[in-house]
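Chain by chain, the residues run as shown.
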Amino acid sequence: MKTHAQVVVIGGGAVGCSALYHLTELGVRDCVLLERDELTAGSTWHAAGNCPNFSTSWNLIKLQRHSTRLYASLAERVGYDINYHITGSIRLAHSPERVDEFRHVVSQAHAQGIEFEMLGPAEIASRHPFLTTDGLLAGLYDPYDGDIDPAQLTQALAKGARDRGAEINRNTKVTAIERTPSGEWLITTDRGAIRAASVINAAGYRGGEIAAMVGEYLPIVTLSHQYLVTEDIPELVARGALRLPLIRDPDVSYYLRQERQGLLLGPYEWQATPHWLDGVPAEFANQLFDDDVGRLESYIEAACARVPILGSVGVKTVINGPIPYAPDGNPLIGPAPGLPGFFHCCAFTFGIVQAGGAGKTIAEWVADGQPEWDMWPLDSRRYLAYANHRFTHAKAVETYQYEYGIGFPAEERAAGRPAKTSPAYQRLKDKGAKFGARGGWERAVYFPEPADPLVPALSFRRPAWHAAVARECRAVAERVAVLDLPGFTKFELTGSEAAPWLDHMVTGSIPRPGRTALNYFCAPSGGIVTEMTITNLGSDRYWLISAAAGERHDEHWLRDHLPAAGSAVRIDNRSAEFGTLIVVGPRSRELLARLTPARLDNEAFPWLAVRTIEIGYTRAIALRVNYVGELGWELHVPVEHVQSIYDLLWEAGESLGIHDYGLYAMDSLRLEKCYRAWKGDLTTEYTPLMASLDRFVKLGKPAGFIGQAALQREAAAGPKERFVPLVVEATDADAAAVSIVYQGSVAVGLVTSGGFGYRIGKSIALAYVHTDLAVPGTALEIEILGTRRRAVVGREPLYDPDNLRLRS
């Protein structure tokens with residue numbers, strides 16, 4: 001075994017070997033893989049090997065399609081035979097809601113060049129002659145779906161990496177990992193030690209063990225998943241080499257495909273079964289759990305009714321093996337904060353189909369510092385400290401139960417909640433507020449009233465909660481409303497060198513004392529890493545405020561770029577110390593004037609100003625900004641005072657018609673102002689120039705900034721896409737995120753946010769379109785649930801274009 005390498009990959013399953021393969025493809029040949037047992041040990045060897053392209057996530061479709069394209073050519077590329085059957089698949093829809101989901105995904109797939117098809121019952125029957133279509137409304141056909149032999153796939157990836165110079169060490173157990181004074185990683189094994197500049201934790205369900213060696217906790221729980229394989233079925237024997245398309249019946253929750261001359265059935269049953277809650281057994285590698293077919297009985301019966309030949313023969317084999325789950329079922333991929341050069345790429349629930357794309361992503365992260373695709377839904381930094389073992393267990397079970405659940409745009413599932421609550425939580429709950437979890441924090445999403453409709457509760461069309469949202473938007477626009485918004489990420493930056501350091505970090509200008517400004521942090525590529533509100537509190541003291549979910553992500557970016565030790569720059573995370581109450585509406589000044597002696601007029605407290613004001617029994621940092629486009633203030637108060645100030649606001653505001661509002665109303669209101677959302681409208685795949693944020697970019701800033709050169713080149717050439725608002729002629733469904741924008745038959749853009757604007761009374765989509773089309777008045781179309789709807793490019797902001805209400 002080598003004693004030194006540029007990169008060490010820990011774990012020899014499909015994902016680890018793919019990471020190794022893609023590293024060598026990028027020219028990183030000095031890399032070593034360590035596997036404690038044999039290649040494929042863990043979850044790879046017993047996997048069913050299904051390879052779908054389907055996902056409701058735009059970038060997961062990209063990731064999985066990279067895998068299936070790679071697998072189709074891998075055997076020839078590396079000279080290693082692989083049994084890969086591209087049979088196509090049919091997903092079955094029993095309900096109109098499922099049909100809507102399929103239509104939305106088909107549109108995404110078409111925009112990525114994947115020829116998904118919607119099928120009627122007769123077409124389903126023609127493609128699968130043994131399937132009964134009773135009760136089916138439609139099907140979705142994926143021509144590139146199929147199944148692959150996981151062991152052969154892994155060995156092929158390993159051979160490809162070896163042929164380019166990588167080293168693979170089997171039966172080599174990692175026992176310790178530490179960072180040396182030189183900054184390298186020292187990985188100790190039972191066969192010796194090896195030093196490396198970078199480490200990739202691709203240890204599957206042992207990923208948590210490897211993370212613990214470097215002092216990090218990963219939210220992973222192992223569940224068992226069973227599938228059964230039948231004896232040979234005469235009807236399939238008679239078909240010879242002609243294979244059936246794979247069937248997925250998500251409304252019942254199982255997959256069914258041909259396995260040689262029999263069938264393979266795999267349910268995702270409601271009785272999800274966690275294992276190893278006290279730790280993975282030391283020697284578990286190629287073993288299985290005992291069969292527990294009883295918990296699959298109803299699913300077997302349903303599948304036999306749908307495909308009767310399934311029940312015509314006996315069961316030959318039952319596989320009951322371990323699969324790792326993160327709380328949301330997505331893998332954990334990305335850098336480990338505070339551990340330079342250490343990366344995670346583990347906890348894959350669908351590791352075979354995602355291995356190819358994941359290997360590409362993590363290899364780019366290690367080699368280039370940034371992957372091609374923004375993979376925030378998979379980022380290992382997306383979970384904060386609340387995602388402990390209890391939370392992970394609860395959410396993993398729920399995720400398994402809903403593995404085939406419909407991916408509604410707004411569904412607030414209950415497991416693992418409440419994890420974190422504002423002091424005002426019980427007040428809001430007593431009022432009947434409905435909550436959603438954001439970054440672990442319970443936030444009110446809307447406030448229903450008894451007369452509101454109850455259905456549809458969940459839908460790709462406008463759900464019942466739109467009645468409540470309309471009411472809340474009216475209160476914001478006409479009177480005064482308050483939003484309890486716990487969990488904002490808040491960093492305090494201090495020191496005599498804070499200003500020049502911060503100036504180099506952002507694309508725009510640092511606000512002067514007593515002022516606040518929106519600013520953007522870019523990667524060297526020019527892509528948007530994060531968006532923060534920067535407030536200059538004077539005396540070399542700054543507040544940086546960003547999204548709750550981005551706390552670890554943003555702190556990692558800031559600390560990774562701090563000047564050398566000993567510099568006069570300090571960052572303190574104050575997120576847990578302060579809560580936030582948003583007070584907005586034309587009567588918000590009148591309300592606050594009843595509670596504070598501070599002057600609130602435009603001369604003393606203009607728009608984009610910050611003041612420390614006395615309110616209730618404390619002092620608040622008050623910012624005259626908000627995310628809804630009305631006169632209003634953000635009040636950042638010590639968390640122990642949130643409830644008392646909320647009560648005072650309501651007591652003083654009753655005569656003014658005060659109303660609560662929630663996140664769904666806030667989202668509607670921000671769409672009208674064309675305010676961007678982080679990791680929705682703003683990702684590393686878009687630059688500030690593409691995002692039409694030119695006014696926040698000082699291209700010639702003498703101090704320079706990260707990404708400046710890339711943005712200067714882009715400005716000279718002109719961005720290929722631009723962010724625009726679109727006013728949509730919608731009916732009962734608005735454009736969901738990742739709806740596709742068309743000009744004629746050509747896809748010309750992607751919707752990143754959509755919804756209904758109650759102040760302007762119109763359906764809105766925010767989208768990136770080809771630059772030549774980003775002209776107000778340009779008529780385009782958006783495909784919404786399979787139907788093209790006329791959409792006209794607007795001029796932003798759509799509401800109050802001169803910001804008169806904000807400045808009033």
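Residues numbered from 1 in each chain as written. Predicted model: local features only at pLDDT ≥ 70, side-chain atom pairs only at ≥ 80, totals over all residues. Heavy atoms only, no water.

Observations concerning helix 3 (residues 96-111)
The line we're drawing: Note on conventions: DSSP H or I runs of at least 4 residues are helices, E runs of at least 2 residues are strands, and numbering of each starts at the N terminus. Expected helix span is computed as 1.5 Å times (number of residues minus one). The cut-offs for exposure are 20% and 50% of the maximum accessible area for each residue type, with area from a 1.4 Å probe on protein chains only; residues under the lower value are buried, those over the upper are exposed, and the others partly exposed. Only heavy atoms matter for contacts: two residues are in contact if any of them lie within 4.5 Å across the pair.
For helix 3, with 16 residues, the first-to-last C-alpha span of 23 Å sits near the 22 Å given by 1.5 Å per residue. Those residues of helix 3 lying buried are Arg98, Val99, Asp100, Glu101, Phe102, His104, Val105, Val106, Ser107, Gln108 and Ala109. The elements touched by buried residues of helix 3 are helix 2 (58-78), strand 4 (89-93), strand 5 (117-119), strand 6 (138-142), strand 34 (740-743) and strand 37 (779-784). One or two positions beyond helix 3, positive phi appears at glycine 113, with a value near 80°.

Digging into the sheet that holds strand 25 (residues 528-536)
Note the cut-off: Here the rule is simple: two strands pair whenever DSSP picks up at least two bridges between them. To obtain each axis, a line is fitted to C-alpha atoms, and for helices this fit is confined to the stretch in contact; angles are then taken between N-to-C directions over 0 to 180 degrees.
Within the open sheet, the five strands sit side by side as 24-25-26-23-27. Their pairing is antiparallel. Looking along the sheet, the strands with just one partner apiece sit at the ends: strand 24 (516-522) and strand 27 (570-573). Put simply, the sheet's adjacent strands are angled 30° from each other on average, direction ignored. As paired strands, strand 23 (residues 489-494) and strand 26 (residues 541-546) are joined by six bridges and run antiparallel to one another. Bridge pairing in strand 26 links lysine 490 to isoleucine 545. The sheet strands contacting helix 14 (residues 551-560) are strand 23, strand 24, strand 25, strand 26 and strand 27, and the helix crosses strand 27 at an angle near 170°.

Looking at the nonpolar core
Let me state the cut-off plainly: In plain words, nonpolar cores are sets of buried Ala, Val, Leu, Ile, Met, Phe, Trp, Tyr and Cys residues tied together by side-chain atoms within 4.5 Å.
In this structure, Leu23, Leu74 and Ile200 are the most contacted members of the largest nonpolar core, which totals 47 residues. Secondary structure elements with two or more residues in this core: strand 1 (4-10), helix 1 (14-25), strand 2 (31-34), helix 2, helix 5 (150-163), strand 19 (342-346) and helix 9 (351-368). Among the elements that take part in this core, helix 9 stands out by supplying eight residues, more than any other. Setting aside residues up to four positions removed in sequence, isoleucine 200 forms contacts with Val7, Val8, Val9, Ile10, Ala19, Leu23, Phe343, Cys345, Ile362 and Val366.

Thoughts on the packing of aromatic side chains
Selection criterion: Geometry of aromatic contacts follows a simple scheme: Phe, Tyr and Trp rings, the Trp one being its six-membered ring, pair when their centres are within 6.5 Å, and the pair is stacked under 30 degrees between planes, edge-to-face over 60, tilted otherwise.
This structure, assessed with the given rule, holds 28 aromatic pairs. Between tyrosine 268 and phenylalanine 350, the ring centres sit 6.3 Å apart and the planes meet at 55°, which makes this aromatic pair tilted. Placement of the pair is tyrosine 268 in the loop between strand 15 (262-267) and strand 16 (274-275) and phenylalanine 350 in the loop between strand 19 and helix 9, with a sequence separation of 82 residues. Exposure remark for tyrosine 268: the relative accessible area of 5% places this residue in the buried category.

Looking at the pairing of strand 12 (residues 221-230)
In terms of burial, strand 12 is largely enclosed, as ten of its ten residues are buried. In strand 12, alternate side chains face the same way, and those of Val221, Leu223, His225, Tyr227 and Val229 on one face and Thr222, Ser224, Gln226, Leu228 and Thr230 on the other are all buried. By the bridge criterion, ten bridges tie strand 12 to strand 17 (residues 315-325) in an arrangement that is antiparallel. By the bridge assignment, histidine 225 is partnered in strand 17 with glycine 321. Of the strand pairs in this sheet, strand 12 and strand 16 are connected by two bridges, and their pairing is antiparallel. Note on strand 16: the bridge partner recorded for leucine 223 is proline 274. Note that strand 12 and strand 15 share two bridges and pair antiparallel. In the strand pairing of strand 15, leucine 228 is matched with leucine 265.

Brief notes about the side chain of lysine 490
Short version of the rule: Charge convention: Lys and Arg are scored as positive, Asp and Glu as negative, and His as well as the terminal groups of each chain are ignored. Salt bridges are defined as contacts in which a side-chain nitrogen from Lys or Arg sits within 4 Å of a carboxyl oxygen from Asp or Glu. N or O atoms within 3.5 Å of each other form a polar contact, as long as, within protein, one can give a hydrogen and the other can take it, and as long as residues adjacent in sequence are counted only when both atoms are side-chain atoms.
Relative to the helices and strands, lysine 490 resides in strand 23. The side chain of lysine 490 sits in the buried core without any salt bridge; glutamate 634 is the nearest counter-charge, 7.8 Å away. Among the polar contacts made by the side chain of lysine 490, one reaches the side chain of threonine 580 at a distance of 3.2 Å. Leave out the neighbours within four places in its chain, and lysine 490 touches Trp543, Leu544, Ile545, Asp572, Asn573, Arg574, Ser575, Phe578, Gly579, Thr580 and His636.

Some words on the packing of helix 12 (residues 466-478) against helix 17 (residues 663-673)
Rules: Handedness of a crossing is defined here by the sense of rotation of the near helix relative to the far one, left-handed for an anticlockwise turn of less than a right angle and right-handed for a clockwise turn. Put simply, Ala, Val, Leu, Ile, Met, Phe, Trp, Tyr, Cys and Pro go in the nonpolar bin, Asp, Glu, Lys and Arg in the charged bin, and everything else, Gly too, in the polar bin.
At a closest axis distance of 9 Å, the pairing of helix 12 and helix 17 adopts a crossing angle of 65°. Crossing of helix 12 over helix 17 shows right-handed handedness. Along the contact surface, helix 12 presents Val469, Glu472, Cys473 and Val476, while helix 17 presents Tyr664, Ala665, Ser668 and Leu669. For the contact of helix 12 with helix 17, the residue count by class is six nonpolar, one polar and one charged.

Brief notes about the state of the cysteines
Keep this limit in mind: Working definition: a disulfide is two cysteine sulfur atoms within 2.5 Å of each other.
In the structure shown here, the tally under the stated rule is zero disulfides. Residue cysteine 346 stays outside any disulfide, its sulfur separated by 7.4 Å from that of cysteine 345, the closest cysteine.

Side note on the packing of helix 1 against helix 2
Keep this limit in mind: Roughly parallel covers angles under 35 degrees, roughly antiparallel covers those over 145, roughly perpendicular covers 65 to 115, and oblique covers all other angles.
Between helix 1 and helix 2, the shortest axis-to-axis distance is 14 Å and the interhelical angle comes to 75°. The orientation of helix 1 with respect to helix 2, classified from their angle, is roughly perpendicular. Every residue of helix 2 that contacts helix 1 at Tyr21, His22 and Glu25 is listed here: His66, Leu70, Leu74, Arg77 and Val78. Here the residues of the contact of helix 1 with helix 2 sort into four nonpolar, two polar and two charged.

Some words on the pairing of strand 23
For strand 23, the tally of buried residues reaches six of six residues, placing the bulk of the element in the interior. A two-sided burial pattern is seen for strand 23, the buried positions comprising Thr489, Phe491 and Leu493 on one face and Lys490, Glu492 and Thr494 on the other. With four bridges connecting them, strand 23 and strand 27 associate as antiparallel partners. The residue of strand 27 that forms the bridge with leucine 493 is isoleucine 571.

Side note on unusual backbone geometry
Residue valine 455 is joined to proline 456 through a cis peptide bond whose omega torsion reads -5°. Structurally, proline 456 can be placed in the loop between strand 21 (441-446) and helix 12. Phi at aspartate 540 takes a positive value of approximately 55°, unusual for a residue other than glycine. In this structure, aspartate 540 sits in the loop between strand 25 and strand 26.

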